[in-house]
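Fold and geometry: a report
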Amino acid sequence: MRHSTDAADLSLRYPLYQWLQLYYTGKLDDGKRLEDWLRIHVLGKMYDGIFLYNKDNQIVRSEGKLQLHRNLSREYSRVDFILRSDKRDILIGEEKPASASHNSVMLDRQKCQKLRETCLQANAQEIPEEFHAHVETLSVKWHGLEGTVHGSRLVY
């Protein structure tokens, strides 16, 4: 077995190790954890492990403002997680604890859908038309430990 010391490899192993520790102590899925706890101890470490070591990425957390926030109503202008690359928001995330109501989870899902569509329209205006078929925006919606990724793409 090869032991890697590559920064990207280690950055993924560390959050996995922490998740296992939380799981074995019963703290990971005991249903008592609120949104901030989940963001700090679980999701933040995962996002860092995946995206932090790419020099082109910028991670914005905890009620971050989208690049398009001037075009959005107040309720849609902030999200829990943004992955930004080349001054474009390429992934947005909303997080709810497992104890959140179905209604609040659905409202976040609708919010993510509207934001994907808005980002998609804005990004399409900045690139040549022949590349529009390849433009896509993504969002991830967390409800406790269950994450769902949704994507939107221009269709002609």
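Now for a quick tour of the structure. (Residues numbered from 1 in each chain as written. Predicted model: local features only at pLDDT ≥ 70, side-chain atom pairs only at ≥ 80, totals over all residues. Heavy atoms only, no water.)

**Re the overall build of the chain**
Counting its secondary structure elements, the chain contains three helices and five strands. Counted from the first residue to the last, the chain has its helices and strands arranged as α-α-β-β-β-α-β-β. For the chain, the proportion of its 156 residues judged to be buried stands at 40%. Restricting to contacts in the chain with at least 6 residues of sequence separation, those with at least 24 account for 48%. Carbon and sulfur atoms make up 52% of the accessible area of the chain, which totals about 10100 Å². (Helix = DSSP H or I, 4+ residues; strand = E, 2+ residues; numbered from the N terminus. Buried < 20%, exposed > 50% of the residue type's maximum accessible area, 1.4 Å probe, protein only. Contact = heavy atoms within 4.5 Å. Areas by Shrake-Rupley, 256 points an atom, 1.4 Å probe, with all protein chains shown as cover.)

**As for the pattern of salt bridges**
This structure, assessed with the given rule, holds seven salt bridges. Put simply, Lys111 and Glu94 hold a salt bridge, and the shortest N to O gap is 3.3 Å. Placement of the pair is Lys111 in helix H3 (residues 102–125) and Glu94 in strand S3 (residues 88–96), with a sequence separation of 17 residues. Here Lys111 matches Glu94 in class, with each residue buried. Residues Arg153 and Glu136 are paired through a salt bridge, measuring 3.3 Å at the closest nitrogen-oxygen approach. With Arg153 in strand S5 (residues 146–153) and Glu136 in strand S4 (residues 136–143), this residue pair connects regions lying 17 residues apart in the sequence. (Salt bridge = Lys/Arg side-chain N within 4 Å of Asp/Glu carboxyl O.)

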